[in-house]
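# Geometric and topological summary
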Amino acid sequence: MDLTQRKKQLQDLRQEIALRVARTHKHLFEKDTAVSANFSEQAVDLANEDVVAALDEEGHRELDLIDKAQLRINEDVYGTCLSCGERILEQRLDALPFTPNCVICAEKAG
Ligand SMILES: [Zn+2]
């Protein structure tokens, strides 16, 4: 994949994640605050809340990573691991176009 395609891929992905984040935000901050009378229902609500909050957080993190990846394309350093300076494998970039690290450094970081 060349950089023009990669740019497009990142743009599409950014749009997709931004939409998802907009939806989770709506769910988190604009939902009806009525409390369920049934405790088990409430427990399910709370569990969903955690999942949605986690999705929201992850979405923001990914958007941030995409912004940085787009900057790296503009600065012509895209595809280079930020930790060790090695080239990131093409297959890894195909799956995670916004990753700032090679697989070895990503594994080290946990
Ligand atoms: Zn590395």
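Per chain, residues are indexed from 1 in the order of the written sequence. In keeping with the predicted nature of the model, local features appear solely for residues at pLDDT of at least 70, side-chain atom pairs appear and are counted solely at 80 or more, and the whole-chain, interface and lining totals rest on all residues. Values shown for side chains rest on all heavy atoms present in the structure; no hydrogens or waters enter the calculation.

## Regarding the nonpolar core
The condition that has to hold: To form a nonpolar core, buried Ala, Val, Leu, Ile, Met, Phe, Trp, Tyr and Cys residues must be joined to one another through side-chain atoms within 4.5 Å. Any residue under 20% of the maximum accessible area for its type is buried, any over 50% is exposed, and the rest in between are partly exposed; the area is computed with a 1.4 Å probe on protein chains only. Helix and strand definitions follow DSSP, with helices as H or I runs of at least four residues and strands as E runs of at least two, each counted in order from the N terminus. Note on contacts: a residue pair is in contact if any heavy atoms of the two residues lie within 4.5 Å.
Residues L10, Y78 and F98 are the most contacted members of the largest nonpolar core, which totals 15 residues. Elements with a minimum of two residues in this core: α1 (3-29) and α2 (39-74). Beyond its immediate stretch of four places on either side in the chain, Y78 contacts L3, R6, L10, A69, R72, I73, R87, L93 and P97.

## Concerning the environment of N101
Its place among the elements puts N101 in the loop between α3 (90-95) and α4 (103-109). The exposure class of N101 is buried, given its relative accessible area of 17%. Put simply, N101 and C81 are 20 residues apart on the chain and 4.4 Å apart in space, counted from C-alpha to C-alpha. Sequence-distant contacts of N101, that is, excluding residues within four places in its chain, are made with C81, L82, S83, I88, R92 and A106.

## Examining the coordination of the zinc ion
What counts here: Metal donors were taken as nitrogen, oxygen and sulfur atoms no farther than 2.8 Å from the ion, or 3.2 Å where the ion is Na, K or Ca. Water is excluded, so coordination may look unfinished. Angular criteria define each label, namely tetrahedral for four donors with all angles between 85 and 135 degrees, square planar for four and octahedral for six donors with opposite donors over 155 degrees apart and remaining angles between 65 and 115, and irregular for whatever fails these tests.
Distances from the zinc ion to its protein donors, C81 (SG), C84 (SG), C102 (SG) and C105 (SG), fall at 2.3 Å. One can describe the site at the zinc ion as tetrahedral: its four donor atoms subtend angles covering 105 to 116 degrees at the metal. Spacing between the donor residues of the zinc ion along the chain follows C-x2-C-x17-C-x2-C. Taken together, the residues span a long stretch of sequence, with C81 in the loop between α2 and α3 and C102 in the loop between α3 and α4 at a distance of 21 residues. Here the two residues C81 and C102 agree in accessibility, since each one is buried.

## Focus: unusual backbone geometry
In this structure, D76 takes a positive phi of about 65 degrees despite not being glycine. Tracing the sequence through the fold places D76 in the loop between α2 and α3.

## What to know about the side chain of R6
For the record, the criterion: Here a polar contact is recorded for every N or O atom pair within 3.5 Å, except that within protein the pair must consist of a potential hydrogen donor and a potential acceptor, and residues adjacent in sequence are included only if both atoms are side-chain atoms.
The residue R6 is located in helix α1 in this model. At a separation of 2.8 Å, a polar atom in the side chain of R6 contacts the side chain of Q9. Residue contacts for R6: discarding those within four places in its chain leaves M1, I73, Y78, E90, L93, D94 and P97.

## With respect to the layout of surface pockets
Definition in use: Grid spacing is 1 Å over the protein atoms alone, the probe is 1.4 Å, and a cavity is where that probe fits but cannot get out, while a pocket is an open set with protein on both sides within 12 Å along at least five of seven lines and lining residues have an atom within 4 Å of a point. Grid points are joined across faces, edges and corners, and a volume is the space filled by probe spheres set on the points. Any residue that is not Ala, Val, Leu, Ile, Met, Phe, Trp, Tyr, Cys, Pro, Asp, Glu, Lys or Arg is counted as polar, Gly included; the first ten are nonpolar and the last four charged.
Quantified by volume, the second largest pocket comes out at close to 170 Å³. If you trace the second largest pocket, you find it lined by R61, E62, L65, R92, L96, F98, T99, P100, N101, A106 and A109. If you list the elements that add at least two residues to the lining of the second largest pocket, you get α2 and α4. In terms of residue count, the dominant contributor to the lining of the second largest pocket is α2 (three residues). For the lining of the second largest pocket, the per-class residue count stands at six nonpolar, two polar and three charged.

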